[in-house]
Amino acid sequence: MTTSAPCPPQVIVPAPPLLTRPLLLRFVSMIGASVSFFLLLSVVPAYAAGAGGGGGAGLATGSLMLATVLGELVTPRVVARFGYRATLMAGLFLLGAPAVVLTVSQGVAWIVAVCLVRGLGFALTIVAGGALTASLIPAERRGEGLAIVGVVSGVPSLVTLPLGLWLAGQIGYGPVAVIGGAAALAAIVSVLGLPDRAAKPESGARATESVGVLRGLRTGALLRPVIVFATTATAAGILVTFLPLAVPRASAGIVTVALFVQPAASTVFRWIAGRHGDRHGSARLVLPGLLLSATGVLVTAATGSAAAVVAGAALFGAGFGITQNATLALMYARVSASSYGTVSALWNLAYDGGMGVGAAGFGVLAGLSGYPWAFAVTAVLMLGASAVVLRDVRADHRAGRRGAGRVSSP
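The structure presented is a predicted model; accordingly, all values stated were derived computationally and were not measured.

Rules used in this analysis
- Residues numbered from 1 in each chain as written.
- Predicted model: local features only at pLDDT ≥ 70, side-chain atom pairs only at ≥ 80, totals over all residues.
- Heavy atoms only, no water.
- Helix = DSSP H or I, 4+ residues; strand = E, 2+ residues; numbered from the N terminus.
- Buried < 20%, exposed > 50% of the residue type's maximum accessible area, 1.4 Å probe, protein only.
- Contact = heavy atoms within 4.5 Å.
- Areas by Shrake-Rupley, 256 points an atom, 1.4 Å probe, with all protein chains shown as cover.
- Axes fitted to C-alpha atoms, helices over the stretch in contact; angles between N-to-C directions.
- Parallel < 35°, antiparallel > 145°, perpendicular 65-115°, else oblique.
- Left-handed = near helix turned anticlockwise from the far one by under 90°.
- Nonpolar A, V, L, I, M, F, W, Y, C, P; charged D, E, K, R; others polar.
- 1 Å grid on protein atoms, 1.4 Å probe; cavity = no way out; pocket = protein on both sides within 12 Å on 5 of 7 lines; lining within 4 Å.
- Points joined across faces, edges and corners; volume = space filled by probe spheres on them.
- Core = buried A, V, L, I, M, F, W, Y, C linked by side-chain atoms within 4.5 Å.
- Salt bridge = Lys/Arg side-chain N within 4 Å of Asp/Glu carboxyl O.

**Focus on the overall build of the protein chain**
Thinking step 1. Helix and strand content of the protein chain: 15 helices and zero strands.
Thinking step 2. Within the span of the protein chain, comprising 410 residues, buried residues form 47% of the whole.
Thinking step 3. When contacts within the protein chain are restricted to residue pairs at least 6 apart in sequence, long-range pairs at least 24 apart make up 84% of them.
Thinking step 4. With an accessible surface of roughly 18700 Å², the protein chain has 68% of that area assigned to carbon and sulfur atoms.

**Some words on the packing of helix α1 (residues 21–39) against helix α5 (residues 173–186)**
Helices that pack against each other are described as a pair by the angle of their axes relative to one another and the distance between those axes.
Thinking step 1. At a minimum axis distance of 7 Å, the contact between α1 and α5 shows a crossing angle of 155°. For the element pair α1 / α5, the angle class is roughly antiparallel. Handedness of the crossing formed by α1 with α5: left-handed. Taking contact as the criterion, the partners of Gly32, Val35, Ser36 and Leu39 in α1 are, on α5, Val176, Ile179, Gly180, Gly181, Ala183 and Ala184.
Thinking step 2. By residue class, the composition of the contact of α1 with α5 is six nonpolar, four polar and no charged.

**Remarks on empty space enclosed by the protein**
Here the idea is plain: a probe the size of a water molecule rolls over the atoms and shows the empty space left.
Thinking step 1. Taken as a whole, this structure holds two cavities of 30 Å³ or more when the rule is applied.
Thinking step 2. Considered as a void within the structure, the largest cavity measures approximately 70 Å³ in volume.
Thinking step 3. What lines the largest cavity is simply Phe37, Leu40, Leu41, Val44, Pro45, Ala60, Thr61, Leu64, Cys115 and Arg118.
Thinking step 4. For the lining of the largest cavity, the elements supplying multiple residues, two or more each, are α2 (43–100) and α3 (108–136).
Thinking step 5. Considering only residue class, the lining of the largest cavity consists of eight nonpolar, one polar and one charged.
Thinking step 6. Approximately 60 Å³ is the volume attributed to the second largest cavity.
Thinking step 7. Every residue along the wall of the second largest cavity is listed here: Arg224, Pro225, Val228, Ala283, Val286, Leu330, Val388, Val389, Asp392 and Val393.
Thinking step 8. Residue assignment for the lining of the second largest cavity shows that the elements contributing at least two residues are α9 (220–246), α11 (283–300) and α15 (386–402).
Thinking step 9. Tallied by class, residues from the lining of the second largest cavity come to eight nonpolar, no polar and two charged.

**With respect to the nonpolar core**
Thinking step 1. In terms of nonpolar packing, the biggest core is built from 86 residues, with Phe37, Leu41, Leu92, Ile111 and Phe375 touching the most fellow members.
Thinking step 2. With 14 residues, α2 is the single largest residue contributor to this core.
Thinking step 3. What Ile111 contacts, discounting residues up to four positions off in sequence, is Val44, Tyr47, Ala48, Ala60, Leu102, Ser105 and Gln106.
Thinking step 4. Counting eleven residues, the second largest nonpolar core, distinct from the first, contains Leu290, Ala326, Leu330 and Val389.

**Digging into the side chain of Asp392**
Thinking step 1. Following the sequence through the fold, Asp392 ends up in helix α15.
Thinking step 2. Setting aside chain neighbours within four positions, we find Asp392 in contact with Gly220, Arg224, Pro225, Leu330 and Arg334.

**What to know about the pattern of salt bridges**
Thinking step 1. Under the definition given, this model contains two salt bridges.
Thinking step 2. For Arg224, the salt bridge goes to Asp392, with nearest N and O atoms at 2.7 Å. Note that Arg224 is positioned in helix α9 and Asp392 in helix α15, a separation of 168 residues in sequence.
Thinking step 3. A salt bridge links Asp392 to Arg334; the nearest nitrogen and oxygen atoms lie 2.9 Å apart. Taken together, the residues Asp392 in helix α15 and Arg334 in the loop between α12 (306–333) and α13 (340–369) connect sequence positions 58 residues apart.
Thinking step 4. Via salt bridges that share partners, Arg224, Arg334 and Asp392 belong to a single interconnected network.

Here's what the structure looks like:
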């Protein structure tokens, strides 16, 4: 009679720690940058409107986002030369210092200049900071880590976006600008405790098997989700810039509520979309997200109704959150891991570029037609992106039949 050898005891390897000291320090600079940016995102356009009307407000947000987009294109080279710490510290300084002196003048040229510098600073913080954050999260716990990072970066925007306008009404634009600037400047000290370079850069064959930004823009599988997301981001830039100007002054409190409801709905539905996408696929969520976003903008066109403004903001926020998650997840699924950086760059360019174009273009449109009609026209134009979604679905089906679901590396 033979007996089988006893099975060796199973060794359980503990998961690496997630909330390490460097990551907690990174949260400090992340919160500082978010507070500085979102506290003033609607305040600066309202301040600019006192000098240049709706056109001045549009130029403020447009110049901020233009500088952000241009800065995102050059930041990787800056990081490669100067490292994470110097780049992130420079970004926080450029984001915070100009805000402190914002109210020295109410001239449109001065405000635009301040916004351009702050946009460059914000680009440095999100690109360098984002890459640094990814390097601080263990690969085994990346999903959980990115979820925590999303909350840490999202809560400040949820709170400070409506808080900025409320504070401006209570204590004036000057003190709010100083608070926003100080938030970024105070966070600079925390950067000194962060690593300066990625611990282990990718090397060998994997380092070359990637889709670059320019090639990504020529690749339909990546470009189509970018176009759809940029469309919804355009409306996001419009709402945060012009909702305070479009709603009658007697209902100013409603704007504060709407600007709280919109990011709150985005945060909740981005999480819901992520859970649903993991189980059933993200592609089928893109069109509902786009339609819900357009519906929210259309409802908001009834600017004289408090209920419509809040409901429209909620609907848009829900659709925007769904589109955020679905397009990003879809793009990641279509590339190899070595191209994740390209996906992040394209997605952020769509976000910032869309917000800037929307704010600048809507200011001109509203001057010709008035705010209600401008919101309605924007909603109709957004629906045009549904053709891009349907084309993407057809392309996805064809790729599925061929068994080729990914973008090949060059």
